[in-house]
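Observations on the three-dimensional arrangement
Residues per chain, in single letters:
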Amino acid sequence: MNASHFKGPPTGQPLLSVIVPVYNERPTIERVLQRLLEAPYPDKQILIVDDGSDDGTSNILERWIGHANILMLRHPHNRGKGAAIRTGLAHARGRFTLVQDADLEYDPRDYPRLLEPLLHGRADIVYGSRYLRPSSGGRACGRLFRYGVALLNLAVWLLYGVRLTDEATCYKVFPTAVLRAMDLQCERFEFCPEVTAKACRMGLTIAEMPIHYTPRSAAEGKKIRLIDGWEALVTLWKWRHWVPSATPHVKSTKEARCFHAF
């Protein structure tokens, strides 16, 4: 991994590691860090991966170096969200790992809701769905974005036989050992379809939980584009015959399935 790190968190295994890929998030990164520290599970490990920011974000992050629960990682140049997640995963110590975007779209107060099916053995991994809650807070997602997500959900059903309501959600929670067993290759936004495809190929049970969501527009810094939707479809197709070299001990079925856990 081409990353430099400054100060590690205390020893011992926390329940949760939170990977935060960061690229040019100067307007929101300070508030996101504060919300993360205030969120449930005070012993959680927070892994900040500065993916070559050049808008002043790095200067803000420097003020947080040395915090007991935060590990700062840095790419010298922008490599993409998937690469940042893989860098963070290499340093994750938690029993479970969750990805948190560095904007204000997703609410860390939903962490207990996301972990509940895992802690009670009801699922192998959990997706936080933006479409299971009638009122998720803030504005509704744009129609084109919703159509794109629906297309990805359809592709997962056709390729893997699993029905999802929100394949593209940022909030995905895994046992850390399971995420590492997926041998991730993602560089950009193809992280989501890669882990979805591999979870299905591993026969894992996915629980979808309703979450709070406040979408932002491209003018406000949202970075995903139409080409990323196409790349997601290509990625789902690419891994349709993937065979895991090893599967950690989870309560998986022979066939992947999804259920809505309210």
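Now for a quick tour of the structure. (Residues numbered from 1 in each chain as written. Predicted model: local features only at pLDDT ≥ 70, side-chain atom pairs only at ≥ 80, totals over all residues. Heavy atoms only, no water.)

1. Details of the overall build of the protein
Scanning the protein for helices and strands turns up eight helices and nine strands. Relative to its full complement of 262 residues, the protein shows a buried share of 54%. Across the protein, every contact between residues at least 6 apart in sequence was considered, and the portion connecting residues at least 24 apart equals 82%. Carbon and sulfur atoms make up 54% of the accessible area of the protein, which totals about 11800 Å². (Helix = DSSP H or I, 4+ residues; strand = E, 2+ residues; numbered from the N terminus. Buried < 20%, exposed > 50% of the residue type's maximum accessible area, 1.4 Å probe, protein only. Contact = heavy atoms within 4.5 Å. Areas by Shrake-Rupley, 256 points an atom, 1.4 Å probe, with all protein chains shown as cover.)

2. So, helix H3 (residues 81–89)
Three or four residues apart is the spacing at which side chains of an α-helix point the same way, because the helix has 3.6 residues per turn. When you tally the buried positions in H3, you get nine out of nine residues, the bulk of the element. For H3, the full list of buried residues reads Lys81, Gly82, Ala83, Ala84, Ile85, Arg86, Thr87, Gly88 and Leu89. Structurally, H3 contributes buried residues whose contacts are with strand S2 (16–22), strand S3 (45–51), strand S4 (70–75), strand S5 (96–99), helix H6 (176–181) and helix H7 (191–201).

3. Some details on the packing of aromatic side chains
According to the stated counting rule, one finds three aromatic pairs in the structure shown. Ring geometry for Tyr106 and Tyr171: centres 4.9 Å apart, planes at 50°, overall tilted. One end of the pair, Tyr106, is in the loop between S5 and helix H4 (111–119); the other, Tyr171, is in the loop between helix H5 (143–160) and strand S7 (172–175), with 65 residues separating them in the sequence. Tyr171 shares its class with Tyr106; the two are buried. In textbook terms, an aromatic cluster arises when at least three aromatic residues are bridged by ring pairs, as seen for Tyr106, Tyr111, Tyr171 and Tyr213. Cation over ring: Lys198 sits above Trp239, and NZ or CZ is 3.9 Å from the ring centre. (Phe/Tyr/Trp six-rings, centres within 6.5 Å; stacked < 30°, edge-to-face > 60°. Lys NZ or Arg CZ within 6 Å of the ring centre and 35° of its normal.)

4. Quick notes on the environment of Pro14
Tracing the backbone shows Pro14 in the loop between strand S1 (4–5) and S2. You can call Pro14 buried: its relative accessible area is 4%. Residues Pro14 and Ala92, spaced 78 residues apart in sequence, show a C-alpha to C-alpha distance of 9.6 Å. Setting aside chain neighbours within four positions, we find Pro14 in contact with Asp43, Lys44, Gln45, Arg93, Gly94 and Arg95.

5. Considering the state of the cysteines
By the definition in use, this model includes zero disulfides. We note that Cys192 lacks a disulfide partner, and the nearest cysteine sulfur, in Cys170, lies 6.9 Å from it. On the accessibility criterion, Cys192 (9% relative accessible area) is buried. Between Cys200, a free cysteine, and Cys258, which holds the nearest cysteine sulfur, the sulfur-to-sulfur gap is 9.0 Å. (Disulfide = S-S within 2.5 Å.)

6. Remarks on the nonpolar core
Formed by 77 residues in total, the largest nonpolar core has its most connected members in Ile48, Tyr111, Leu114, Met182 and Phe191. If you tally residues by element for this core, the top one is H7, at six residues. Filtering out sequence-adjacent residues up to four positions away, Phe191 remains in contact with Gly82, Ile85, Val99, Lys172, Phe174, Leu179, Leu184 and Cys186. (Core = buried A, V, L, I, M, F, W, Y, C linked by side-chain atoms within 4.5 Å.)

7. A word on the side chain of Ser53
With respect to the helices and strands, Ser53 occurs in the loop between S3 and helix H2 (57–62). A polar side-chain atom of Ser53 sits 2.8 Å from a polar atom in the side chain of Asp50. For Ser53, the residues in contact, after removing those within four places along its chain, are Val22, Tyr23, Asn24 and Ser58. (Polar contact = N/O pair within 3.5 Å; in protein donor to acceptor, adjacent residues only side chain to side chain.)

8. Thoughts on the pattern of salt bridges
Overall, the coordinates contain 10 salt bridges when judged by the stated rule. Taking the shortest distance from any N to any O, the salt bridge between Glu116 and Arg122 comes out at 2.7 Å. The class for Glu116 is partly exposed, based on a relative accessible area of 25%. Judged by its relative accessible area of 33%, Arg122 falls in the partly exposed class. Between Glu194 and Lys198 there is a salt bridge, and its shortest N-O distance comes to 2.7 Å. Of the two residues, Glu194 and Lys198 are both situated in helix H7; the distance of four residues between them amounts to about one turn of the helix. Residue classification places Glu194 among the buried residues on the basis of a relative accessible area of 1%. (Salt bridge = Lys/Arg side-chain N within 4 Å of Asp/Glu carboxyl O.)

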